[in-house]
Amino acid sequence: ARKDLGRDLRALWATLAVICLLGAGVAYGATRYLQTELEADATRDARKLTMDVLRPLLPPRDATAPIRAARYEELLDSVHERVLAGPIVGLKLWAADGTILFATNQDQVGDREPAMREDLHDVIGGASRSVVEGDRFRTFTSMRIGEPPTIVTAELVRSHAAIVEKSRERWYPWVPRALMAAAVLAL
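About the criteria used
- Residues numbered from 1 in each chain as written.
- Predicted model: local features only at pLDDT ≥ 70, side-chain atom pairs only at ≥ 80, totals over all residues.
- Heavy atoms only, no water.
- Helix = DSSP H or I, 4+ residues; strand = E, 2+ residues; numbered from the N terminus.
- Rg over C-alpha atoms; globule rule 2.2 N^0.38 Å.
- Buried < 20%, exposed > 50% of the residue type's maximum accessible area, 1.4 Å probe, protein only.
- Contact = heavy atoms within 4.5 Å.
- Phe/Tyr/Trp six-rings, centres within 6.5 Å; stacked < 30°, edge-to-face > 60°.
- Lys NZ or Arg CZ within 6 Å of the ring centre and 35° of its normal.
- Salt bridge = Lys/Arg side-chain N within 4 Å of Asp/Glu carboxyl O.
- Axes fitted to C-alpha atoms, helices over the stretch in contact; angles between N-to-C directions.
- Parallel < 35°, antiparallel > 145°, perpendicular 65-115°, else oblique.
- Left-handed = near helix turned anticlockwise from the far one by under 90°.
- Pairing = 2+ DSSP bridges.

Novice: Run through the overall build of the protein chain, naming residues and quoting values.
Specialist: Scanning the protein chain from N- to C-terminus turns up five helices and five strands. Helices and strands in the protein chain line up, N terminus first, as α-α-β-β-α-β-β-β-α-α. A globule of 187 residues ought to have a C-alpha radius of gyration of about 16 Å, yet the protein chain, at 25 Å, is considerably larger. In terms of overall dimensions, the protein chain has C-alpha extents of about 90 × 30 × 25 Å along its principal axes. Within the protein chain, buried positions represent 36% of all 187 residues. Pairs at least 24 residues apart make up 60% of the contacts formed inside the protein chain by residues separated by at least 6 positions.

Here's what the structure looks like:
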């Protein structure tokens, strides 16, 4: 009976360790799913902000050449007040040829990045696209300015770390706890 009790206890501890590992996996999966949902929400919010707030600020002349001097200052004030008031930390307006028409960093205005052409053409169809680069969550949305329409792509940047942190609030703390419990039970 003593021999069977030891074997049964080992089976119980092993089963509990496996359950804890499964719990860690479920908590991690829930965290990743929530992060994906938050990223999709951020993309939708950036698109809405671009279309509803930013596009009305742009007359047709802003879509034809880099924005400089007094017009730059005027647009920058409007952008700070209306666009950068929330989680958005940076903005660029791109021409289809890869020229930066406007940027919150004035030194970038007028720069040409031909490598961006392909990325910009990917969003001309109307869908927004987001990419993660380090801590930056960049969302690209194209818009039509003026008649005949000129395509301008807005790039809104926000902190990706903030999205990850928010996604980890609920379930992620259980991942290390469950892993620790599984290790203790296995020992």
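Okay, back to it.
Novice: Can you break down the packing of aromatic side chains residue by residue, with the values?
Specialist: Under the definition given, this model contains one aromatic pair. Note on Tyr72 and Phe102: the rings are 5.1 Å apart at their centroids and 40° apart in plane angle, and the pair reads as tilted. Of this pair, Tyr72 sits in helix H2 (residues 69-82) while Phe102 sits in strand E2 (residues 100-103), and the two are 30 residues apart along the sequence. Like Tyr72, the residue Phe102 is buried in the burial classification. The ring of Tyr172 has Arg168 lying over it, and the distance from NZ or CZ to the ring centre is 4.2 Å. Positioned above the aromatic ring of Trp174 is the side chain of Arg177, whose terminal nitrogen or guanidinium carbon lies 4.8 Å from the ring centre.

Novice: Explain the pattern of salt bridges to me, and be specific about the residues and the numbers.
Specialist: Going through the model one piece at a time under the given rule, you end up with ten salt bridges. Across the salt bridge formed by Asp62 and Arg71, the nearest N and O atoms sit 2.4 Å from each other. The exposure class assigned to Asp62 is buried, which follows from its relative accessible area of 4%. Here the residues in one salt-bridge network are Glu133, Arg136, Arg138 and Glu155, joined through shared partners.

Novice: Would you mind going over the packing of helix H1 (residues 2-54) against helix H4 (residues 160-167) in detail, with residue names and values included?
Specialist: Running from amino to carboxyl end, H1 crosses H4 at an angle of 135°, the nearest separation of the two axes being 8 Å. On the basis of the axis angle, H1 is oblique to H4. Where H1 crosses over H4, the two elements pack in a sense that is right-handed. Where H1 approaches H4, its residues Thr31, Leu34, Gln35, Leu38, Glu39 and Ala42 are matched on the opposing element by His160, Ile163, Val164, Lys166 and Ser167.

Novice: Just give me the short version of the sheet that holds strand E5 (residues 150-159), but keep the residues and values in it.
Specialist: The strand order E2-E1-E5-E4-E3 describes an open sheet built from five strands, whose pairing is antiparallel. Every interior strand has two partners, whereas the edge strands, E2 and strand E3 (129-133), have only one. When the angles between neighbouring strand axes are averaged without regard to direction, this sheet yields 25°. As judged from the ten bridges shared by strand E4 (residues 136-145) and E5, these two strands associate in the antiparallel manner. Bridged to Thr139 within E5 is Leu156. In the packing of H4 onto the sheet, the strands contacted are E3, E4 and E5, and the crossing angle to E5 comes to about 55°.

Novice: Let's hear about the packing of H1 against helix H5 (residues 174-186): which residues, and what values?
Specialist: Geometrically, a packed helix pair is captured by the angle between its two axes and the distance between the axes. Contact geometry for H1 and H5: axes closest at 8 Å, N-to-C directions at 165°. It follows that H1 is roughly antiparallel to H5 by the angle criterion. Handedness of the H1/H5 crossing: left-handed. Residues Trp13, Leu16, Ala17, Cys20, Leu21, Gly23, Ala24, Ala27 and Tyr28 of H1 pack against Trp174, Val175, Ala178, Leu179, Ala181, Ala182, Leu185 and Ala186 of H5.

Read these as geometric descriptors, not functional statements.
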